[in-house]
Number of protein chains: 2
Amino acid sequence: MTYCLAIRLDAGLVLASDSRTSAGVDDLNIYSKMHRFDTAGDRVIALLSSGNLATTQAVIKRIERDLGDASADTNLDQLAHLDEVARYVGEISAQIQNDFSGQAEQNAGLMQAFFILAGQIRGEAHDAFLIYPQGNYIAVSRNKPFLQIGETKYGKPILDRIIDAGISLERAGRCAIISMDASMRSNLSVGPPIELLIYRADSFEVERRCRFDQDDAYLQSLSRAWADGLDRLFLELPRFPWEA
Amino acid sequence: MTYCLAIRLDAGLVLASDSRTSAGVDDLNIYSKMHRFDTAGDRVIALLSSGNLATTQAVIKRIERDLGDASADTNLDQLAHLDEVARYVGEISAQIQNDFSGQAEQNAGLMQAFFILAGQIRGEAHDAFLIYPQGNYIAVSRNKPFLQIGETKYGKPILDRIIDAGISLERAGRCAIISMDASMRSNLSVGPPIELLIYRADSFEVERRCRFDQDDAYLQSLSRAWADGLDRLFLELPRFPWEA
């Protein structure tokens, strides 16, 4: 399993991903699911991936190869709009799933991959897209300005409460980590290290990219402050009417 | 959708359920999913139900009919152990699903129902069981002393953090409502009224049974205190190392 999320704020973008892959409980591994491309100076582009690891790796490789290949039809640096990049990634993903599935329709589900594309190309606003296995995609909404892929449910309630397009990048970053922490506690197949990327709108460079291992001092202090705070909050909740 | 949960504490049992049923977004309704049986004085038995509404209603009717039918093979009052009651309910449920599915195997999944059975029969400890559509069942564990059916994921993180067998019935009751509140916010097909049942071990009578409508003053005060508390807690979280 996997858990990745992207938040689009007025102030910029916050991306987070876990790093656990599992091909069965006896085959756990650590792979980064956050991919950044050293693209032209007029753009910052990152991809988060979930689903079949062979598919996601093949998609990333293909994107990288196209960047260095003058004979490629197009590449990440040449597309003028972020939604065109979403389409480009979606087409590659759908094609690779199709290649691997071969003749067997029942394989198609196994090869599926989901992506979140987030970034900014000069001349337009920063944005984020969720790319489905079929290659189609949706943009994040302003009302619910976050996208999730993988094990999305455990971490959603805190996003629903805290995330608003107007909050600061740092507040959203803390919320992303708390959302990740909740998912890791409730589903053992979501695991550290947690990666976090913060992009300030119109800066055209990544402001922060961090990797928090399980024993990272900040991650632990945040997790403990949150757990202790919830305990305290619970003590202060209004008593039932019949309680003394 | 549905969300029901049962918590087994050293001090007793806490049960909670939502009341929304949906046969499509244009066919929402309110039905109680918490069923209590006015059984013999030596036992308290409650059932929470999720899944196909026709199946769950037929199961409840059959249990009630058996109670008043001297010719029935057995009934809720005659069984000596709570796990036998789980088996009895499971057999009825599996049989009704089978009856309704008819010859068509593809109907079987549509008819599925899940139950949580919770209560106490004199001579043994209070307990809770999750009954699967196939009729088999599991008891709640001591390490993770709660069971959930329906839309279980959104409400699980707060249970994972707060619920411990040693806490008070009231604290667990508040946690159950918060868990329900999180599920209602994240999934519109979980909805009020919320029902809550509190049973103190060895009392052989239900201590509290409440029904909280959306505009219930206590439910609103709890929900607001929780939301405000989370906002405050977020402000107090440790800042990233690079923040001033």
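The written sequence of each chain sets the order in which its residues are numbered from 1. The lettering of chains begins at A and the numbering of ligands begins at 1, in the order of writing. Given that the model is predicted, a residue must reach a pLDDT of at least 70 before its local features are reported, and side-chain atom pairs must reach 80 or more before they are shown or counted; all residues, however, enter totals for whole chains, interfaces and linings. With hydrogens and water excluded, all non-hydrogen atoms of the structure serve as input to the side-chain values.

Take the overall build of chain A next. Helix and strand counts for chain A come out as five helices and twelve strands. Expressed as lengths along the three principal axes of its C-alpha atoms, the size of chain A is roughly 75 × 45 × 35 Å. Should any heavy atoms of two residues lie within 4.5 Å, those residues are counted as being in contact. Sequence separation of 24 or more characterises 61% of the internal contacts of chain A that already satisfy a separation of 6 or more. The Shrake-Rupley method, run with a 1.4 Å probe sphere, supplies the accessible areas, and residue values consider only the shown protein chains as cover. Just so you have it, chain A exposes about 10700 Å², and 46% of that area is on carbon and sulfur atoms. Distance between charge centroids for chain A: 5 Å, based on 25 positive and 34 negative side chains. Strands are runs of DSSP state E lasting at least two residues, helices are runs of H or I lasting at least four, and both sets are numbered from the N terminus onward. Lys and Arg are tallied as positive, Asp and Glu as negative. Neither His nor the chain termini are counted. Where a charge lies is defined by one atom per residue type: Lys uses NZ, Arg uses CZ, Asp uses CG and Glu uses CD.

Least squares is the method used to superpose the copies, on C-alpha atoms of residues holding a pLDDT of at least 70 in both. Take chain B, turn it by 180 degrees, move it 0.0 Å along the axis, and it overlays chain A with an RMSD of 0.0 Å. The superposition of one copy onto the other is thereby described by a two-fold rotation axis. Every residue of chain B has its C-alpha some distance from the rotation axis, and the shortest such distance is that of Tyr154(B), at 2.6 Å. A share of 100% of the interface residues of chain B reappears at the interface of chain A, consistent with the copies meeting face to face through the same patch.

On to the environment of Arg122(A), then. All names here are of chain A. In this structure, arginine 122 sits in the loop between β7 (113-121) and β8 (127-131). Sequence spacing of arginine 122 and leucine 82 is 40 residues, and the spatial spacing of their C-alpha atoms is 9.9 Å. The contacts of arginine 122, once residues within four sequence positions are left out, are Gly41, Asp42 and Phe204.

Before going further, it helps to examine the pairing of strand β5 (residues 34-37) of chain A. Only when DSSP finds a minimum of two bridges between them are two strands counted as paired. Both β5(A) and strand β6 (residues 43-51) of chain A contribute to a ladder of four bridges, which runs antiparallel. Looking at β6(A), one finds that Met34(A) is bridged to Leu48(A).

A few words now on the side chain of Glu195(A). Topologically, Glu195(A) is positioned in strand β11 (residues 194-200). Those residues in contact with Glu195(A), other than ones at most four positions away along the chain, are Leu15(A), Ala16(A), Ser17(A), Ser19(A), Ser32(A), Lys33(A), Met34(A), Arg209(A), Cys210(A) and Arg211(A).

All names here are of chain B. One less than the number of residues in a helix, times 1.5 Å, gives the span that helix is expected to have. Along its 20 residues, helix α2 (residues 82-101) runs 29 Å from first to last C-alpha, staying within 8% of the 28 Å computed at 1.5 Å per residue. What α2 keeps buried is the set Leu82, Val85, Ala86, Tyr88, Val89, Gly90, Ile92, Ser93, Ile96, Gln97 and Ser101. Of the surrounding elements, those touching the buried residues of α2 are β6 (43-51), α1 (53-67), β7 (113-121), β8 (127-131) and β9 (137-139). Positioned one or two residues after α2, glycine 102 has a phi angle of 60 degrees, which is positive. Exposure is judged per residue with a 1.4 Å probe applied to protein chains only, and the accessible area is read against the type maximum: over 50% gives exposed, under 20% gives buried, and values in between give partly exposed.

Let's shift gears to the interface of chain B and chain A. Each partner contributes to the interface: chain B provides 46 residues, whereas chain A provides 46 residues. Here chain B packs against chain A, burying approximately 4300 Å² in sum over the two surfaces, 66% of which is carbon and sulfur. Throughout this description, the term salt bridge denotes a Lys or Arg side-chain nitrogen within 4 Å of a carboxyl oxygen of Asp or Glu. In this structure, the connection of chain B to chain A is made through ten salt bridges. With a closest N to O distance of 3.0 Å, Glu151(A) and Lys153(B) form a salt bridge. Secondary structure elements with two or more residues in the side of chain B that touches chain A: α3 (156-162), α4 (169-186), β11 (194-200), β12 (206-212) and α5 (217-236) of chain B. Sort the elements by how many residues they give to the side of chain B that touches chain A and α5(B) lands first, with 14 residues. Of the residues contributing to the side of chain B that touches chain A, the split by class is 26 nonpolar, four polar and 16 charged. Buried area counts how much accessible surface, traced with a 1.4 Å probe, disappears from two parts once they are put together, with both parts' losses summed. Residues are grouped as follows: nonpolar covers Ala, Val, Leu, Ile, Met, Phe, Trp, Tyr, Cys and Pro; charged covers Asp, Glu, Lys and Arg; every other residue, Gly included, is treated as polar.

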